[in-house]
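One letter stands for each residue in the lines below.
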Amino acid sequence: MARNTGRILIVGAGRQASIAPQFNPIYFDQIVAVNHGWMATPDWTFWVRSRDFTFNGGAAPKLESHQTEVHEYDSYLNMYGGEGECGYSVMLIASYFSLAKFQPKQLFYIGADMDYAPDSGGNTHIYGVGLDIKKSGIPDPDAMAQRYGSDDSEYLIRIYRRFEQIANAAGCECLKLNPS
């Protein structure tokens, strides 16, 4: 298991991911792209995608020698209670993967704020309208809450807070990056 004591950047596909190039990749020990987050920066080192991920009509990223696609993440989730306890969000999966694999002091997030309000062009993600919204009419986290939350209006808050508490207990701070 690779271990770092530094900083990991997790890049989602939210519209704010477009500012990822503003942050010097040298500042981070690893950059973990989530789903279409690989499109935000060529500097990613690990790519975590959901099992039902599709490429929005485009091609898969061409892996460079320093890049790894994460195919197996169940063992990382199992370290923290399994998918049912950790949640079914690929952002959470990438977070638990990063925490277990790298044991960082800091996890930084960009493009992961779950703001799905369309911009002036109707885009909800860095690549356009989210596939989840096109397919089911609602963002994946909301669909996940409906499916697994058992009418718990705090389900998403609870599972994300759970991760943050586990990370904090492991000596890792979780931080959201904002544009400069």
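What comes next is a walk through the structure. The structure displayed is predicted, hence computed values, not measured ones. (Residues numbered from 1 in each chain as written. Predicted model: local features only at pLDDT ≥ 70, side-chain atom pairs only at ≥ 80, totals over all residues. Heavy atoms only, no water.)

Let us now look at the environment of Arg 147. Looking at the secondary structure, you find Arg 147 in helix α5 (residues 140-148). A relative accessible area of 64% means that Arg 147 is categorised as exposed. With 136 residues separating them along the chain, Arg 147 and Val 11 place their C-alpha atoms 25 Å apart. Polar side-chain contacts of Arg 147 include one of 3.4 Å to the side chain of Tyr 148. (Helix = DSSP H or I, 4+ residues; strand = E, 2+ residues; numbered from the N terminus. Buried < 20%, exposed > 50% of the residue type's maximum accessible area, 1.4 Å probe, protein only. Polar contact = N/O pair within 3.5 Å; in protein donor to acceptor, adjacent residues only side chain to side chain.)

Further remarks concern the pairing of strand β2 (residues 30-34). Across the 5 residues of β2, 5 count as buried, placing the element largely inside the fold. Going residue by residue along β2, you find Gln 30, Val 32 and Val 34 tucked away on one face and Ile 31 and Ala 33 tucked away on the opposite face as well. Relative to β2, strand β1 (residues 7-11) runs parallel, the two sharing 4 bridges. When the sheet's bridge partners are listed, Ile 8 is paired in β2 with Gln 30. Relative to strand β3 (residues 46-48), β2 runs parallel, the two being bridged by 3 bridges. (Pairing = 2+ DSSP bridges.)

The next point concerns α5. Looking at α5, one finds that the buried residues are Pro 141, Met 144 and Ala 145. The buried residues of α5 occupy an angular sector of 100 degrees when projected down its axis, which confines them to one face. The exposed set on the far side of α5, more than 90 degrees from its buried face, consists of Gln 146 and Arg 147. Against the buried residues of α5 lie α6 (155-169). Positioned one or two residues after α5, Ser 150 has a phi angle of 45 degrees, which is positive. (Arc of directions from axis to C-beta. Contact = heavy atoms within 4.5 Å.)

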